[in-house]
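Geometric and topological summary
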Amino acid sequence: MRKRHPKPSNVSDPSSVVAKESGNVGAISPRRSGIVWLALCLLAYSTWTVYNYQHVILPPPLSSEQAGKRGFSEVEAMKHVEELTQLGPHPVSSDGLDDAVQYVFEMAEKIKKTAHWEVDVDVELFQAKTGANRMVSGLFKGKTLAYSDLGHIIIRILPKYESDAGENAILVSSHIDTVFSTGGAGDCSSCVAVMLELARSLSQWAHGFKNSVIFLFNTGEEEGLSGAHSFITQHPLNSTIRLALDLEAMGVGGKSAIFQAGPDPWAIENFASVAKYPSGQIIGQDLFASGVIKSSTDFQVYQEVSGLSGLDFAYADNTAVYHTKNDKIELLKPGSLQHLGENVLAFLIRAASSSNLPNNKELQGEEKSNPDSAIYFDILGKYMVVYRQSFGTMLHNSVIMQSLLILVTSLFMGGYSAVISLLLSCLSIIFALIFSVAFSVSVAFILPLISSSPVPFASHPWLAVGLFVSPSILGSITGQHLTFLLLQKNASRVYSKRKQLSPVVRADLAKLDAERWLFKAGSIQWLVLLALGTYYKIGSAYLALVWLVPPAFAYGLLEATLTPARLPRPLKFVTLLFGLAVPVLVSSASFIRLAGTMIGMLIRFDRNPGGTPEWLGSVMVAVIIATFVTLTMVYLLSYVHHSGAKRSVVAMLCIITGLSLALVSSGTIPAFTEDTARAVNVVHVVDTTKGQDPISYVSLFSYTPGNLNMEAEKIGEGFTCGKERNTDFVGFEATYSCVTEEGAGVGWDEGNIPTMRVLDDDASGVSIDTRGSSRWVLAINMEEIEDFTLEAEDEVLVPRGGKKASVDGWHTVQFAGGRKAPRRFVLRVLKGRKGEESEPEKRKKRPLLKLRTDFNRATPKVEDVLRKLPPWCSLFGKSTSPYTLAFLASLPAGILG
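A short tour of the structure in this document, coming up. (Residues numbered from 1 in each chain as written. Predicted model: local features only at pLDDT ≥ 70, side-chain atom pairs only at ≥ 80, totals over all residues. Heavy atoms only, no water.)

**Quick look at the state of the cysteines**
In a disulfide, the sulfur atoms of two cysteines are held together by a covalent bond. Stated precisely, the cut-off is as follows: A pair of sulfur atoms, both from cysteines and within 2.5 Å, is called a disulfide here. Labels follow the DSSP assignment, with helices taken as runs of H or I lasting at least four residues and strands as runs of E lasting at least two, numbered in each case from the N terminus.
Under the definition given, this model contains 1 disulfide. Here Cys 721 connects covalently by a disulfide to Cys 738, the sulfurs 2.1 Å from one another. Disulfide Cys 721-Cys 738: the torsion about the S-S bond is 80°, which places it as right-handed. On the criterion of sequence distance, the pair formed by Cys 721 in strand E14 (residues 720–722) and Cys 738 in strand E15 (residues 737–740) is long-range, its members being 17 residues apart.

**With respect to the packing of aromatic side chains**
To keep things clear, this is the line we draw: Ring geometry is summarised as follows: Phe, Tyr and Trp rings, the Trp one being its six-membered ring, pair when their centres sit within 6.5 Å, and such pairs are stacked at plane angles under 30 degrees, edge-to-face over 60 and tilted between the two. For a ring to carry a charge above it, either NZ of a lysine or CZ of an arginine must fall within 6 Å of the ring centroid while also lying within 35 degrees of the normal to the ring plane.
Applying the stated criterion to the full structure yields 25 aromatic pairs. Between Trp 266 and Phe 347, the aromatic rings sit 6.4 Å apart at their centres with planes inclined by 70°, giving edge-to-face as the arrangement. Taken together, the positions of Trp 266 in helix H9 (residues 266–274) and Phe 347 in helix H12 (residues 336–352) put the pair 81 residues apart, joining distant regions of the chain. Centroid distance Phe 855 to Phe 887: 5.2 Å. Interplanar angle 85°. Geometry classified as edge-to-face. Taken together, the residues Phe 855 in strand E23 (residues 849–855) and Phe 887 in strand E25 (residues 885–891) connect sequence positions 32 residues apart. In this structure an aromatic cluster arises from ring pairing among Trp 266, Phe 271, Phe 313 and Phe 347. Note that Lys 520 overlies the ring of Trp 517, its terminal NZ or CZ placed 3.8 Å from the centroid. We note Lys 804 situated over the ring of Phe 788; from NZ or CZ to the ring centre the distance is 5.1 Å.

**Regarding the pattern of salt bridges**
Here is the rule: Take a side-chain nitrogen of Lys or Arg and a carboxyl oxygen of Asp or Glu: if they are within 4 Å of each other, that pair is a salt bridge. Buried means the residue's accessible area, taken with a 1.4 Å probe over protein chains only, is under 20% of the maximum for its type, while exposed means over 50%, and partly exposed covers the values in between.
A full pass over the atoms with the stated rule returns 21 salt bridges. Linking Arg 819 and Asp 95 is a salt bridge whose minimum nitrogen-to-oxygen distance equals 2.2 Å. Of this pair, Arg 819 sits in the loop between strand E21 (810–817) and strand E22 (824–831) while Asp 95 sits in helix H6 (residues 95–113), and the two are 724 residues apart along the sequence. Classification of Arg 819 by relative accessible area gives partly exposed; the value is 45%. Under the relative-accessibility criterion, Asp 95 is labelled exposed at 54%. For the salt bridge of Arg 516 with Glu 559, the shortest nitrogen-to-oxygen distance reads 2.7 Å. Of this pair, Arg 516 sits in helix H15 (residues 503–535) while Glu 559 sits in the loop between helix H16 (542–558) and helix H17 (573–601); the two residues are 43 residues apart in sequence, bridging distant segments of the chain. Comparing Arg 516 with Glu 559, the two get one shared label, buried. Look at the salt bridges and you will find they share partners, linking Glu 717, Lys 861, Asp 864, Arg 867 and Lys 868 into a network.

**Quick look at the side chain of His 229**
Quick reminder of the rule: By definition in these notes, contact holds between two residues if any of their heavy atoms fall within 4.5 Å.
Along the chain, His 229 falls in helix H8 (residues 226–234). Exposure remark for His 229: the relative accessible area of 7% places this residue in the buried category. Sequence-distant contacts of His 229, that is, excluding residues within four places in its chain, are made with Ala 132, Asn 133, Tyr 147, Val 301 and Val 305.

**Some details on the pairing of strand E6 (residues 212–218)**
The cut-off we apply is this: In this description, strands pair whenever DSSP reports at least two bridges between them. Handedness rule for crossovers: strands pointing away from the viewer, path from the first strand over the helix to the second running clockwise, crossover right-handed.
For E6, the tally of buried residues reaches 7 of 7 residues, placing the bulk of the element in the interior. Burial along E6 is two-sided: the residues Ser 212, Ile 214, Leu 216 and Asn 218 and Val 213, Phe 215 and Phe 217 are all buried. As paired strands, strand E4 (residues 150–159) and E6 are joined by 5 bridges and run antiparallel to one another. Looking at E6, one finds that Ile 154 is bridged to Leu 216. Examined bridge by bridge, strand E5 (residues 169–175) and E6 share 7 bridges and lie parallel to one another. Following the sheet pairing, Ser 173 is matched in E6 by Leu 216. Crossover connection from E5 via helix H7 (residues 185–202) to parallel E6: handedness right-handed.

Below is the structure:
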């Protein structure tokens, strides 16, 4: 066989011969500018495609003819949404709520009349008695939520000839009431409509069921989850419930996803097996449980008070319109109701036909966790992965041990230089995160200086790509590049001993070695996160597993060698594609969704108006985005540093950030629009603090970060703004507000002012007369008071004894009720706390009691301000949110002394 002679070009370069003999043809790295840009484009396109498949594409709406008698029809459900939203806002004790309850009752009676002849449909209008609820965690921790005269509609569907069906029920719950500021198309008329259509459909199925299904249309959810609590503690059917499903909305429309499940995994496992369009991520559950999302749902009541397991669904599109005027039917995307309806219908048919429903009512209060709960996530909105925590822990531990074994073996074979490179790789992770956060946060601090709002991207979330994503990537590149230079220096020292290689080859080999260690740094990063998540039993730890295993496997299959004698080669582009395919498919949509949700929540970020710095909301979004970028871009960016594309990538990122800042600075893109409005409230305050003559003024304050100077100027009613203007001292603290006193004494009657007087008997106590108001909040100074009782018309709402939690030394009692709710309450207090807080000077500053009473009235002055309110503003409702007339009173700490 004739030996082939080498080409002249190969012979002329001795270093190439050495590289070839070492098995490293082409050791001198290629120019991969095109490959890097292609990788960036593919990543951007694939993440957006995955996001659309997983969260945007909805099933087609079905008419009643298409769905059939036993199917779910969005067209029919939308008729209910239209009817309910036409009633306008319908909060507790309003005429609109009475009309909404009556409509639901009439629809329930219609379902009863058209049900299958072998199915019993019971319809009941349940009027709840006076009660009180004290949550042990979440948004309402440290509060007593009192209620009275709440009316609920209950539909129970069960087979006629299954004797035990009535003793085992699945509860499906949502609320009819809305906040005062919106007609509530999303929150929660959409859910009520879905429930009515589900009830109609199940009334044709139930003759084959083994269990009953109860639909609860409650009122009082917006007043502190009172509707669910009154039903679960007062109605005789509560003892029959084995499973609870709650339908909620944190926006309007889109896919309704599961964001809480358990504690028993039965429900989520069966949902995953039958749902046509499964949607849900345990990352939402982890964030909700951590308190990052400041909200609560009826599902918390079913878990804590009754120890039930189940599923909590929520619409989350357009979170910026939540509790504002823009929660309207026009924003309900076609297919939204169909998506939720078909998923829940399939699950209810499975659950109602099952003979092994979970029964874990012993799991109550703080003991509601399950050691073997489920980890769940959907892929592309078509498949749902569910596995037990015990299996996840075993899998995670196995991966961790194997990864550590490979790492230790690699270090042992690589020797001292490998240990140094490992430490520098870990440093690259830290540097990348620090610089990424620093660059992104810098933009957040710049925004208030160049824009009329510190959150100018609120109405156009895509601006966050240029404002935060670009500088975050730029920061990650900067942080990585610093350690790339250190890794390169360390590798140069190692390769300097190989005298047979030319200096040019040694330099290139050092760069290639540094590049590989940056890629491996990604695996180290996710290995640490996996270990931490597994140790603390965080369900979202599966994300670390997904980002660790596929890239590590791709590297091991296509790149890795444990032989230190071989020289490094350029990282293959196919390694990147192969390694990132699964992580992008599983998690990219969730990261985009979470960032978008956080941006939408900025509309209501400042829950204590003026209590936080203006820049804080943008900084939080910047940190979240920078963290996502650093974690997920670690593999891709390792390809940039030894590439001709580096300069062009950096230049493009700078241009994108610069253009975004220019758009914000020029005001071309408004921070708020009529459809994505700033959350503000206008309240006529009458301050009747004891020992003073009544003071009356109109206050304007906002839950959205930023001052109110522009709005005050637009209204032109003589408002003055400042942080010293404390509007309220119960429920919220508006330390930055606009106040005008031109409305003093206008639009209120002295007889409507709530009174607070000391009882003239042996027991220390206070009589609270709310004079026509069915909504009030009372704060009790627990630093002065040892215990208290609260009575309403001789019925004890809060008994003496037991732990009464407080926040900042105050325990809050919040009351809301219907038209027949009591108006006179007696608070009996047991004083006895002595100490530094009882000194006269401090007691002057901290009264014993503080009361706020809200009225659903608008005084002439408030009506004038509301008419002039800019179109980019919307009143915002929340639990304990004000109407447009509020009376304030307090009781000095020494009055009972």
